[in-house]
Amino acid sequence: MRYSALLAPTLKEVPKEAEVISHQLLLRAGYMRKVAAGIYSYMPLGVRVIERVKTIIREEMTRSGAQEVFLPAVQPAELWKESERWGYYGPELLRVKDRKGGDFCIGPTHEEVMTALVRDDIKSYRQLPLNLFQIQTKFRDEVRPRAGLLRGREFIMKDGYSFDIDEEAAKRTYQVMYDAYVRIFDRCGLSYRPVEADTGNIGGNMSHEFQVLADSGEDSIVSCASCNYTANVEKAELQQADDSAFVVPSGSYDKRHTPAVRTVEEVARFLGLPTSNIIKTILYLADEQPVAVLMRGDLEVNEVKVKAALKATTLLLANEATVLEITGAPVGFAGPIGLGCRLLADPSVRTVVSGAVGANEPDHHFVGVSIPRDLPELTYTDLRLAGAGDACGRCGGTFAFFKGIEVGQVFYLGTKYSAKMKAQVLNDKGEENPMVMGCYGIGVTRTMAAAIEQNHDKDGIVWPMALAPYQVIIAPLQLHEPAVVEEAERIYRELTAAGVDVIIDDRDLRPGVKLKDADLIGIPLRITIGARSLAEGKVEFKLRRLPEATLIPSADIIAETIKAIAAERGAAAE
RNA sequence: CGGGGUGUAGCGCAGCCUGGUAGCGCGACGGUUUUGGGAACCGUAAGUCGCAGGUUCGAAUCCUGUCACCCCGACCA
C-alpha cells in the first residue's frame, strides 16, 4: 500500500468527544469516524484490523468444527414473540415497521433466527452435532453508549450457536468452544482471563467471559491467588465465616430519634457505631414485587446474586415513592422489623450484635438489634459483592481484584430456546426432544478497542503483530534523494513479494510528520531510510513497542524483517 | 431515566456577561525556501454561529422551546 493513496487522516489534537484512550486513538489515527452516538464508520485501517480479528476467529472456529453462515440483520417480530423476548427485551431492541406495518427489529443477537433456521432443517439426531457461527453487525439501543467501540450501539460480533443431542454432548461442545476462544485471544496477542460469569436470566450454571485486563474496563473480576478461581464479581462465590458458635444475645432493641440521619455513614456517626454495626435495608422491585435486602453496613449488595436468589427477571432499586409506600418513611429509615414485604438476608448480618436498623418511621432507627433474635424465621443467602481481600469461596484464599473488558462469552444454554421454539430432533429411540444449545459471542470491534487499551503509549497505538493493519511501514525520509527513494522502493517490492503486509510512506512530507504518523497508527515494524545512514549502506530498523532502533545493512533488511515478524508473532503467543 | 456539561470552518477553541459587518491555532489548497521527530514565510478557500420561534432598528450574543453530542449515575443477552 502507498500511504499517499490511503484514506487515514490523522489528527494532532484529541477530539473532545473521546475520553478513553482507544476511542481517542482510533479517531486520531484515522481508523474510524463517528456518525451518531455509538455508531461509527470504519476507514481502511480500521477495516484491516477488523478483518484480522475476523480471520483469526474464522480459522479457529472452523478448526473447531463450526461452520459459517450469514443471518439477516433485520428480523421479523414473530420469531421474537415465539421466544417471548419481543415482550421483555425492552427498549434496547430497536423495533422498526416495514411499509405494510409489519413489526421487525434490528438484531441485537441471533438466537431466534438461528434456532428457526436449524429447527426447519434438522430433524434427526444423526444430523447432530451442529455448530454454526456468523460475523454480523448487531444493534443494541444502549441507554448510554460510551467509550467509543467499548460500548457502541452498532457493533460487529461473531456469534455462534451449537446444537447437540443431549446435555453431555452440549457440554463437550462448550469445552471445545472455550478452547477455541483461548486460542483466538492468544493469537490476538491480548492479555486476558477467562472468568466464571453469571448466567443472567438464561439459567443454567455454565458461562465464561473472556476479559481483557484493562483499568478502563467496566467489569470487575476477582481472582484467587491460591486456587486460581477467577470470576466476575457478579458471580464470585465468597467464603462465609463460620458462625456456628455464635451465641444469639438476649435482651431487646430500642427506638432512637435520629433526625435526618439517612445514610449508613450518617447513622454510624450519629450513633457512634462502626458501619459494620449498621444493617442496611435496601428495597427493590423484583418483577414488580417489593423485596428488602439486608446487608451489613460496610458491605455491598450484589444485585446479580439478589436476582438469582429470587429467580427474578427484572430487579430495580425501588424509587422514593415506592420506599415511602412500603415503609411509611422516606428513604433512609427502612428496616426489617415490622416490614410488610419479603426479606432476603445476607449471612453477614447474622452475627451483628447490637445492630442499628431503620424503624420504618421518619427520623427513627432501632438500636440493639440482633437479626436472629428479632427475626428468627429469616433464612440467609449470599448476596454480597466480592472485592479485593475477600476470602475465596472455593478454597478460602484471598481474592485479588481486576478491571476487565468483556470481549467474549461462552454460554451453555440448555433448551431455553429450543423448547420454546420447538427445535426438536428424534433420538435413536424415535423420541422427540429439544436440542441442547450453547451460544458463543465475540465482540469483534470491541476486541479491536480492547487491544488498543492494552497496547498504546504516549505516541499512539502499538499493535500486536497479529492485529496490525500492516506489519511493516517503510519511511523514506528524503524523497528528493533518488538513492533513498530507490532503496525504499526496492525494500517495498521485495517485502511485498515475500507476502509481507507493508505500507510505504511515499508522501512528500517532512521526516517528523512521517515518523509521528507511523507511531500514531501503530505499525509494529518500521524501516526508516535516511540519506545519511544509507550512504553507509544501512537502514534503520525499529520495533514500535521498543524505544531503541538499530542500524542494519540494507542488504540484510528483507531477511531481518521476515525474522522479526515471526518473532513478534511468537511473542504474542506466549 | 436522574445529575453535570458542550454545540461557532475538517479538528481544537475565543467571541456571548455588556447586542452593532464572525475571529485565532492546527489542518486543506497554491507558491518559495526547507528535509531524521508534527518546518518558515507569502497567498487562497472554507462557517445558514445545532435547529425553531420570540424580543430588538439590529441577535453567535438576550428570552422560550427543541434537537444532537459528551461525562457521572441508574441500566446492560
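The residue numbers shown here count from 1 along each chain, following its written sequence. Chain letters start at A and ligand numbers start at 1, both assigned in the order the entries are written. Local features in this predicted model are restricted to residues of pLDDT 70 or higher, and side-chain atom pairs are both shown and tallied only at a pLDDT of 80 or more, whereas totals for entire chains, interfaces and linings draw on every residue. With hydrogens and water set aside, each side-chain value is computed from the structure's full complement of heavy atoms.

Focus on the protein's contact with RNA strand B
Link 1 in the chain: A cutoff of 4 Å decides nearness: a residue is near a molecule or strand if any of its heavy atoms lies inside that distance of it. In the vicinity of RNA strand B there are 43 residues, among which R140, R151, R510, D519 and E540 approach most closely.
Link 2 in the chain: Here, RNA strand B places atoms within 4 Å of the protein, and 43% of those atoms are sugar or phosphate.
Link 3 in the chain: The contact in question runs from a base nitrogen of RNA strand B to an N or O atom on the side chain of E13, over 2.9 Å.
Link 4 in the chain: What counts as a helix is a DSSP run of H or I of at least four residues, what counts as a strand is a run of E of at least two, and both are numbered from the N terminus. Mapped onto the surface near RNA strand B, the elements with two or more residues apiece are strand 1 (32–36), helix 8 (303–310), helix 14 (511–521) and helix 15 (531–535). The term polar contact refers here to a pair of N or O atoms within 3.5 Å; inside protein, the definition further demands a hydrogen-donor-capable atom paired with an acceptor-capable atom, and it admits residues adjacent in sequence only when both atoms are side-chain atoms.

Notes on the packing of helix 1 (residues 21–28) against helix 12 (residues 444–454)
Link 1 in the chain: Simply put, an axis is a line fit to the C-alpha atoms, just over the touching stretch for a helix, and the angle between two N-to-C directions goes from 0 to 180 degrees. Close contact between helix 1 and helix 12 brings their axes to 8 Å; oriented N to C, the two are set at 105°. The angle between helix 1 and helix 12 falls in the class roughly perpendicular. Residues I21, S22, L25 and L26 of helix 1 form the contact with helix 12, whose own contacting residues are M448, A449, I452 and E453.
Link 2 in the chain: Following the grouping adopted for this structure description, the nonpolar residues are Ala, Val, Leu, Ile, Met, Phe, Trp, Tyr, Cys and Pro, the charged ones are Asp, Glu, Lys and Arg, and the polar ones are all others, Gly among them. Classifying every residue of the contact of helix 1 with helix 12 gives six nonpolar, one polar and one charged. Comment on the angle field: the value is read as roughly parallel under 35 degrees, roughly antiparallel over 145, roughly perpendicular from 65 to 115, and oblique elsewhere. Every residue pair with non-hydrogen atoms within 4.5 Å of one another is taken to be in contact.

A word on helix 5 (residues 111–121)
Residue pairs three or four apart in sequence face the same way in an α-helix, which turns once every 3.6 residues.
Link 1 in the chain: Per-residue accessibility, obtained with a 1.4 Å probe over protein chains only, is compared with the maximum for each type, and a residue is labelled buried under 20%, exposed over 50%, and partly exposed between these values. By the criterion of burial, helix 5 is predominantly enclosed, with eight of the eleven residues buried.
Link 2 in the chain: All of the buried residues in helix 5 are E111, E112, V113, M114, T115, A116, V118 and R119.

A closer look at the domain arrangement of chain A
Link 1 in the chain: Each domain's extent is set by a domain assignment, obtained either automatically or from a database. Looking at chain A, the domain boundaries give domain 1 (29–70 + 108–237 + 401–452), domain 2 (254–374) and domain 3 (461–573).
Link 2 in the chain: Computed from C-alpha atoms alone, the centre-to-centre distance between domain 2 and domain 3 is 64 Å.

A short note on the environment of Y89
Link 1 in the chain: Mapped onto the secondary structure, Y89 falls in the loop between helix 4 (85–88) and strand 5 (94–97).
Link 2 in the chain: Sequence-wise, Y89 and V367 are 278 residues apart; in three dimensions their C-alpha atoms are separated by 43 Å.
Link 3 in the chain: Leaving out residues up to four positions away in the same chain, Y89 has contacts with W80, R95, P108, T109 and R140.

Some points on the pairing of strand 11 (residues 219–224)
Link 1 in the chain: The buried fraction of strand 11 is high, at six of six residues.
Link 2 in the chain: Of the two faces of strand 11, the one carrying D219, I221 and S223 and the one carrying S220, V222 and C224 are both buried.
Link 3 in the chain: Where strand 11 and strand 20 (residues 399–414) come together, six bridges link them in antiparallel fashion. Residue pairing in the sheet places V222 in a bridge with F401 of strand 20.
Link 4 in the chain: At least two DSSP bridges between two strands are needed for those strands to be called paired. Where strand 11 meets strand 12 (residues 230–232), three bridges bridge the pair, whose relative direction is antiparallel. Of the residues in strand 12, the one forming a bridge with V222 is A231.
Link 5 in the chain: Following strand 11, the chain reverses through five residues before pairing antiparallel with strand 12; N228 in that reversal takes a positive phi of roughly 75°.

Side note on the sheet that holds strand 28 (residues 525–529)
Link 1 in the chain: Pairing within the open sheet is mixed, and its five strands lie in the order 27-26-28-29-30. Strands with a single pairing partner mark the edges of an open sheet, and in this sheet they are strand 27 (502–504) and strand 30 (549–553). The average angle at which neighbouring strand axes cross in this sheet is 25°, direction not considered.
Link 2 in the chain: In terms of strand pairing, strand 28 meets strand 29 (residues 538–543) through four bridges, oriented antiparallel. Each residue of the ladder has a partner; that of T528, found in strand 29, is E540.
Link 3 in the chain: Packed on one face of the sheet, helix 13 (residues 482–497) meets strand 26 (472–476), strand 27, strand 28 and strand 29 and runs near 165° to strand 26.
Link 4 in the chain: Its contacts with the sheet place helix 14 against strand 26 and strand 28, and it is angled at close to 170° to strand 28.

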